[in-house]
Amino acid sequence: MTADVSYRPGSVRDAAGGLVALTLATFVAITTELVPVGLLPQISTDLEVTESVAGLLVTVYAFMVAVLAIPLTLGTRRLPRKGLLLITLGAYTVSNALVGIAPSFGLVAAGRAVGGIAHALFFSLSIGYAARLVLPHVTGRALALVTAGASAGLVLGVPLSTALGTALGWRNGFLVLAAGCALATVLVATLLPPVSGDDAPHADHTRTDRRRRLGIVSTTNALTYLAQYTVYTYVSVLLLAIGLTETAVGPVLLGLGAVGLVGTAYAAYSLDRNPRRFTAAVHAVMALGLLALGLLFPSRVGVLVAAAVWSGAFGAMASVFQTAAIRTRGGSPDVIGALVNSTANIGIGGGAALGALVLVGPGLGALPYVGAGLLVVSLVVIVVARRSFPALTD
């Protein structure tokens, strides 16, 4: 059975409790994915491995998400949505707790693998769930609110858990995060209404066109994330190159993340009014921000201002692509969520690799130009593919 109960979608206000629960769950999910980044030196020292080996705790996690998102979503499509979502949050809790108490690197890696499996399924579920809670004409606003949890994970979750892990030990940082995941599980169980999962679009003469449009949106999503992470993966290197001290990099990244939250909030306000115009606008602004970053590098003030523009625009991107993909109706919301999740992670991993090639080739100053060029390609696709990125909601 795919249906839990009969739930009638409503306004954002009607679904407020469920959306808040999904936002908190998204916050702990993103924090779980990225928290090792700030604690790699402590992890590597304590477990007696090199920092590059410890870094595999992040790399393998993202790889598992990219590979498993679609198969897991398809394999669990007949299971109740709410129960499955609670299982993924329970898996996050177990993952962080196991990492916190594991005596060896092998068991730490096993704990991270549990989290990676949960992550592969969680975002497919959360995107589909948010879309099912509200009426179609406010899908963009609902997804933007849930996406704010991901932005908050980047802005607050990772820095706070890193500070906690540095002050009290990296294991305690993971254990506190495990407690946060358990709290999110309780709130989801309490506030989130059960919804039907039996809402895949019917097969008809438009199915091929709907799938084609979904394919275009998913490909553009990967391209935009490729552009972002070609540069953002090495943003600390860029900031150090303009003369910032190592102690200043963290606060600056926190500020850039806060600007990204502003972009997410603006998406919640504007995306449903004219999705096509908004999508094109944020891509153009992001491309201009990256271009300005390249032109002004290594001016400290110029780079910081350009980075703020770039970060603010990117803050809207998750909402943009989740909404565009859902509105193609090229599959069930969960399958669409899996595609968005998988292609974003392909872009993240590919961007890190492409950025590394640029660094050893043309050099650090070329990174923003490569990112801007990729954004221009995304913008061209958006302009040309009018049916994939329509002007009006339906």
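Within each chain, residue numbers correspond to sequence positions counted from 1 in written order. Local features in this predicted model are restricted to residues of pLDDT 70 or higher, and side-chain atom pairs are both shown and tallied only at a pLDDT of 80 or more, whereas totals for entire chains, interfaces and linings draw on every residue. Side-chain figures throughout are based on the complete set of non-hydrogen atoms in the structure, without hydrogens or water.

1. A closer look at unusual backbone geometry
- Following Phe-297, the chain continues into Pro-298 via a peptide bond in cis, with omega recorded as 15 degrees.
- Despite not being glycine, Glu-48 shows a phi value in the positive range, around 60 degrees.
- Take Glu-48: it is sitting in the loop between helix H2 (36-47) and helix H3 (51-54).
- On the basis of relative accessible area, Glu-48 is assigned to the exposed category, the value being 73%.
- Of note in this structure, Arg-329 is not a glycine but carries a positive phi near 55 degrees.
- The way it works is that DSSP assigns letters per residue, a run of H or I at least four long becomes a helix, a run of E at least two long becomes a strand, and they are numbered from the N terminus. Mapping Arg-329 onto the fold places it in the loop between helix H14 (317-328) and helix H15 (333-360). Burial status follows relative accessibility: with a 1.4 Å probe on protein chains alone, a residue under 20% of its type maximum counts as buried, one over 50% as exposed, and anything between as partly exposed.

2. Brief notes about the domain arrangement of the protein chain
- The split into domains, and so the bounds of each, comes from an automatic or database assignment of domains. Domain boundaries in the protein chain define domain 1 (15-197) and domain 2 (206-389).
- By definition in these notes, contact holds between two residues if any of their heavy atoms fall within 4.5 Å. Listed as interface residues are 32 residues of domain 1 and, on the opposing side, 26 residues of domain 2.
- Accessible area that two parts lose when put together, evaluated with a 1.4 Å probe and summed over both, is termed the buried area. For the pairing of domain 1 and domain 2, the buried interface totals around 2,400 Å² over both sides, and the portion due to carbon and sulfur atoms is 64%.
- By definition here, a salt bridge exists when the distance from a side-chain nitrogen of Lys or Arg to a carboxyl oxygen of Asp or Glu is within 4 Å. Salt-bridge contacts for Asp-334 lead to Arg-81; the nearest nitrogen and oxygen are separated by 2.7 Å.
- Of the residues forming the side of domain 1 that touches domain 2, the biggest block, 11 residues, is contributed by helix H7 (residues 139-168).
- Polarity classes work like this: nonpolar for Ala, Val, Leu, Ile, Met, Phe, Trp, Tyr, Cys and Pro, charged for Asp, Glu, Lys and Arg, and polar for all others, with Gly in that last group. Of the residues contributing to the side of domain 1 that touches domain 2, the split by class is 19 nonpolar, nine polar and four charged.

3. Structural notes on the packing of helix H4 (residues 56-75) against helix H6 (residues 105-133)
- Here an axis means a line fitted to C-alpha atoms, over the contact stretch when the element is a helix, while the angle between two N-to-C directions is reported on a 0 to 180 degree scale. Packing of H4 against H6 brings their axes to within 7 Å, and their N-to-C directions diverge by 40 degrees. When the axes of H4 and H6 are compared, the pair comes out oblique. Pair H4 / H6 crosses with right-handed handedness. For the pair formed by H4 and H6, the contact residues are Leu-57, Val-58, Tyr-61, Met-64, Val-65, Leu-68, Ala-69, Leu-72 and Thr-73 on the first element and Phe-105, Val-108, Ala-109, Arg-112, Ala-113, Gly-115, Gly-116, Ile-117, His-119, Ala-120, Leu-121 and Ser-124 on the second. For classification, angles of less than 35 degrees are called roughly parallel, those exceeding 145 degrees roughly antiparallel, those between 65 and 115 degrees roughly perpendicular, and all remaining angles oblique. Left-handed describes a crossing whose near helix is turned anticlockwise from the far helix by less than a right angle; the clockwise case is right-handed.

4. Some thoughts on the environment of Arg-13
- Take Arg-13: it is sitting in the segment before helix H1 (16-34).
- The spatial distance from the C-alpha of Arg-13 to the C-alpha of Ala-142 is 9.7 Å, given a sequence separation of 129 residues.

5. Notes on a nonpolar patch on the surface
- Exposure above 30% relative accessible area and the absence of a salt bridge qualify a residue for a patch, where like charges join within 9 Å and nonpolar side chains (Val, Leu, Ile, Met, Phe, Trp, Tyr) within 5 Å. The accessible surface values rely on the Shrake-Rupley method and a 1.4 Å probe; as for residues, cover is taken only from the protein chains in view. On the surface, a cluster of nonpolar side chains totalling about 470 Å² of accessible area is made up of Leu-288, Leu-291, Leu-295, Leu-296 and Tyr-369.
- Considering every element that reaches the nonpolar patch, the biggest residue donor is helix H12 (residues 275-296), with four residues.
- You can see Tyr-369 is positioned in helix H16 (residues 367-384).

6. Topic: the packing of H1 against helix H5 (residues 81-101)
- Across the interface, H1 lies against H5 with an axial gap of 11 Å and an inter-helix angle of 35 degrees. For the crossing formed where H1 meets H5, the hand is left-handed. Contact with H1, carried on its side by Leu-22, Ala-25, Val-28, Ala-29 and Thr-32, involves Leu-85, Leu-89, Tyr-92 and Asn-96 of H5 and no other residues of that element.
- Its residues placed into classes, the contact of H1 with H5 shows seven nonpolar, two polar and no charged.

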